[in-house]
Amino acid sequence: MKCTLAVNLPGDKSKLSGVETRRGNITLTLLLLLLPSYTLTLAGCIANSNAIPPENLEAIAQGIDKSLICPICPSETIDQAQVELAKQMRIMVREKLGQGESRDEILQFFVDRYGPVVLAEPPKSGFNILIWLIPPIAFLVGIIVLVMTILAMRRNHLRNSQSTSLATPGLEQYLAQVDREIGQLALRDIHNWHSYSSPKPKAQDVGPCMDGAE
Amino acid sequence: MADLGFVSLLLAMAIASYSFAASLLGVWKNIPQLLESSRHATYLTPVVLGVSTASLVGAFVTRDFEVAYVAAHSNLAMDPQYIWVAFYAGNEGSLLFIAFALAILAAIAIFLANRGAQAILPYTNAVIMVVLLFFIAVMVFLANPFSRLDFIPPDGQGINPLLTHPGMFIHPPMLMTGLISFAVPFSFAMGALLSGKTGDEWVDQGRIWGILAWAVLGTGLLLGAWWAYTIIGWGGYWGWDPVENAGFMPWLAMTAFIHSIMVQKRRGMFRMWNLALIIIAFAFAQFGMFINRGGPVPSVHSFGQSTLGWVFLVFMGGTLLFSFGLFFLRYNSLKSAQNLESAISREASFLINNLLFLTIAFVTLWGVIYPIVSELTQGETITVGQPFYNQVNGPLFLALIFLMGVAPFLPWRHASWTNLRRALMIPVLVSIMVAGLLVISGVNKPYAVLAFALCSMVASGIIREWLLGAHSRHKRGENYPIALIRLLASNRPRYGGYIVHLSVVLLALGITGSSFYGIQTDVSLYPSETTNVGGYTVKYITSHVLQKSDRTESTAEVQVFRGDQFLGTYYPRRDFYPSFNMASTRATIRSTPVEDLYIIPGELMDDGRAVFRILVNPLVMWMWVAGPILLLGATVALWPQRLQPHIQSSWPRKEPMTT
């Protein structure tokens, strides 16, 4: 059986991959933007946490309470803990605020007494800068791995689609074009899947004959 | 009776060992009778462990204080209804609970395994029996629930007062069941690796059990948050406590898994990655068990001080070595059927999903172990508390919400910008509108506004999809309500997923509202004194003190007004247990869709003043509403659908169109 097909053979293979490459580059750029967005947001969050809210002294005191760990309770802040020591510490925080001490001074006061373990989050200095740096670094590593994986997978895909050979060598380009246009058909299909009227196939959308004849 | 319990444990050990050996021997020597027999042995394990469980419960019922465990976790004054809780309140009992749960799950999994998995089933059975044997062996040799004391004490120590709350009937069981159920999809994956059938035979069962494990663990976590909110009495629901994190990390890994397994089911891709991912998820679950039992970091949850932690660490290490060893052995046979065609596609978005979830899990893990790192390197103890996790994980969660809004509209294989634009235009417009409205009406904390805007983007995208679909069905003659439901039924994984995403949006709303706009006050009031908090006026009337045999109950009576309008009388209660030197509170929570008024009673002072902590938490109710919706979505996604023939080809597959 002879099939009549009217397909525009792509003139240049590189033009095809040009489209793909541009799409891919945009996505890779977006992916790479993830990291600075994350780092900036993280930096913003950290800066925000140190900023003293422009509300009343009690709100500031509560903020400090939530930043100090009760020395004798397992991982409760002095805001949560109900033991006598925690209450005393809460009173001291408010006294010191009333005397005009800053948040950092008050926190340092307790660190001097109990050690850095009394802080609810690790200090952002010295060795402990490590805990803050590792997450963005890990994220960066993850993004790099992801990007490399996507690139490798796409390279595999292009290599595989190039290596499928049929009897006639000239058909490869034609098959690639058909493959691409079927992909577009699929997109239109998905867009129309809610409705039940299928689009009428145009002449150039018809695929190769199934019985192997050209 | 306790002896019967111990004997049953030994019997269970024997039966599980037999099942393990018979299934391996049966598949190696090709003896179907042995395979059959091993399956029967697996079905027998829950029966025998059930006997064990019954005998421990029986020991509680008969107040057999000679059994050490019963003496440690109950007393004569204990309300009989709490026997169920006491059963798993301590180390040994919880191990028995876990073993029993695992045996039941194993029997069901083996029994219901579909035809596709039959080839790998003997190996799956062997692996799951090994896990079961581990727990039974720990009980038999290290932590026997039935060990006896040298004498019979007249009374027990009683149950921890924090556990005497309805939430405790269901939160620990769900959490423990959720964690151990990770063993099932893991076993199917191992079965695939062991049998050499590294295609997609394990994917169907892996997906089903993955979603089940995810749903159960997720519910357990939510219940824990709800319990913490209602009973611990600090007005919060999540503290990034090491034990909370222990359950959270596996859940994150499993969420990543149930997404990427979809790609393997649909297109035969990510074969290697999914195997690695389920191994990681199970390892997190084992790590979680390690932290929960005599873990190296302090926690409010301390699960009956035990030194069993190292055993679980060894178990985790051994499992990782074995699984990844096998993985690399089979590496070359694990090529995927398809390859990624475009970086903008559903497949690629799942990879980004995995990246985000695993980064959050890693950050959480890092925060949990950092105190140990600091101790070892600096000799200094450091606390890693809530502020660290909030700041570092917050942006990642926001990115996830964004992805949730975009990814469902990405087609498989490759997307075009035009289609994407068309699908996302309305959701993006809605989110900008919402952001604008919020800022105009005074809600202007940037991260809160961003979070709310992203949530509205997700929600409007889902609703729009649903309406579009119902509309086209309507055009063919169905009326809208039926169309909405038939649409759901016609593509259950997709719409189940949409429902789950909606529940996540509700969760995000509650978390954002309470985190950024919560108010808190500590007051001490004389009778008839009032205080104003966040638009409410709270008036303290009086307190009633009741002395019980093991506790003092102080119930305060308060009246709440908004302006002149009387809203109600409430009775927050505080129970003090002298023997535990601990107080448990029943805070008053007046919940509306907009906010919660939360009154925590403190002590009654000698001069008649009562101390209260009053909080106003916006939007928290939606977090608890999200729970059942999450379960509904998971159920819909799992509901069996008429199977489509599985065609592996590079031709596009149409969505199933059913009438």
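Within each chain, residues carry numbers counting from 1 in the order of the written sequence. Both sets of labels track the order of writing: A upward for chains, 1 upward for ligands. Residues qualify for local features only when their pLDDT is at least 70, as the model is predicted, and side-chain atom pairs are given and counted only at 80 or more; totals for whole chains, interfaces and linings, by contrast, use all residues. Values reported for side chains reflect all heavy atoms of the structure, with hydrogen atoms and water molecules removed beforehand.

A. Main features of the overall build of chain A. Put simply, DSSP H or I for four residues or longer makes a helix, DSSP E for two residues or longer makes a strand, and each gets a number counted from the N terminus. Helix and strand counts for chain A stand at six helices and zero strands. Mapped from its N terminus to its C terminus, chain A presents α and β elements in the order α-α-α-α-α-α. Under the scheme applied here, a residue whose accessible area is under 20% of the maximum for its type counts as buried, over 50% as exposed, and between as partly exposed, the area being computed with a 1.4 Å probe on protein chains only. Here chain A holds 214 residues, and 35% of them are scored as buried. The criterion used for residue contact is that any of the two residues' heavy atoms lie within 4.5 Å. Long-range contacts, defined as pairs at least 24 residues apart, comprise 60% of the intrachain contacts of chain A with a sequence gap of at least 6. Per-residue accessibility takes into account occlusion by the displayed protein chains alone, with areas from the Shrake-Rupley method and a 1.4 Å probe. Carbon and sulfur atoms make up 61% of the accessible area of chain A, which totals about 12200 Å².

B. Just the sheet that holds strand β10 (residues 610-618) of chain B, in detail. Residues and elements named next belong to chain B. Between any two strands, at least two bridges found by DSSP are needed for them to pair. Taken in spatial order, the four strands make up an open sheet running β1-β10-β9-β8, and their pairing is antiparallel. Strands with a single pairing partner mark the edges of an open sheet, and in this sheet they are β1 (519-525) and β8 (588-591). Pairwise comparison of adjacent strand axes, ignoring direction, gives a mean angle of 15 degrees for this sheet. Relative to β10, strand β9 (residues 595-604) runs antiparallel, the two being bridged by eight bridges. Lines fitted to C-alpha atoms define the axes here, with helix axes fitted over just the stretch in contact, and angles between the N-to-C directions of these axes take values from 0 to 180 degrees.

C. Summary view of unusual backbone geometry. Residue and element names in this part refer to chain B. Non-glycine residue phenylalanine 270 carries a positive phi angle of around 65 degrees. Although it is not a glycine, leucine 619 adopts a positive phi angle of roughly 65 degrees. In this fold, leucine 619 is placed in the loop between β10 and α19 (621-638).

D. Representation of the side chain of B:Ser260 within the structure. Within the element layout of this structure, B:Ser260 appears in helix α10 (residues 242-267). If we skip the residues at most four places from it in the chain, B:Ser260 touches B:Phe270, B:Trp273, B:Asn274, B:Leu277 and B:Asn354.

E. Inspection of a nonpolar patch on the surface at higher detail. The patch calculation keeps residues exceeding 30% relative accessible area without a salt bridge and links them within 9 Å when they carry like charges or within 5 Å when they are nonpolar (Val, Leu, Ile, Met, Phe, Trp, Tyr). Salt bridges are defined as contacts in which a side-chain nitrogen from Lys or Arg sits within 4 Å of a carboxyl oxygen from Asp or Glu. On the surface, A:Ile129, A:Leu133, A:Ile137, A:Val141 and A:Val145 cluster together into a nonpolar patch covering about 410 Å² of accessible area. You can see A:Ile137 is positioned in helix α5 (residues 129-163).

F. How the structure looks around the environment of B:Tyr43. All names here are of chain B. By the secondary structure assignment, tyrosine 43 is in helix α2 (residues 32-61). For the pair formed by tyrosine 43 and serine 19, sequence separation is 24 residues and the distance between their alpha carbons is 9.6 Å. In this structure tyrosine 43 touches Ala107, Ile110 and Phe111, once residues within four positions along its chain are discounted.

G. Examining helix α16 (residues 446-475) of chain B more closely. Residues and elements named next belong to chain B. Relative to the 44 Å expected for 30 residues at 1.5 Å per residue, α16 spans 43 Å between its end C-alpha atoms, a close match to the ideal helical length. Across the 30 residues that make up α16, a large majority, 22, are buried. Just past α16, the residue glycine 477 takes up positive phi, approximately 115 degrees. By this rule the span expected of a helix is its residue count minus one, scaled by 1.5 Å.

H. Region of the structure containing the side chain of B:Asp200. Residues and elements named next belong to chain B. Note on placement: aspartate 200 falls in the loop between α8 (183-195) and α9 (203-232). For the purposes of these results, a polar contact is taken to be a pair of N or O atoms within 3.5 Å, where, inside protein, one atom must be able to donate a hydrogen and its partner to accept one; residues adjacent in sequence count only when each atom of the pair is a side-chain atom. Within polar-contact distance, the side chain of aspartate 200 engages the side chain of glutamine 264 at 2.8 Å. At a separation of 2.8 Å, a polar atom in the side chain of aspartate 200 contacts the side chain of arginine 271.

I. The pattern of salt bridges, seen in detail. All names here are of chain B. For the coordinates displayed, the defined rule picks out 19 salt bridges over all chains. Here arginine 613 and aspartate 522 are joined by a salt bridge, their closest N and O atoms 2.8 Å apart. Note that arginine 613 is positioned in strand β10 and aspartate 522 in strand β1, a separation of 91 residues in sequence. We classify arginine 613 as buried; its relative accessible area is 6%. When its relative accessible area of 35% is taken as the criterion, aspartate 522 is described as partly exposed. The salt bridge partner of arginine 562 is glutamate 595, with a shortest N-O separation of 4.0 Å. Taken together, the positions of arginine 562 in strand β4 (residues 552-562) and glutamate 595 in strand β9 put the pair 33 residues apart, joining distant regions of the chain.

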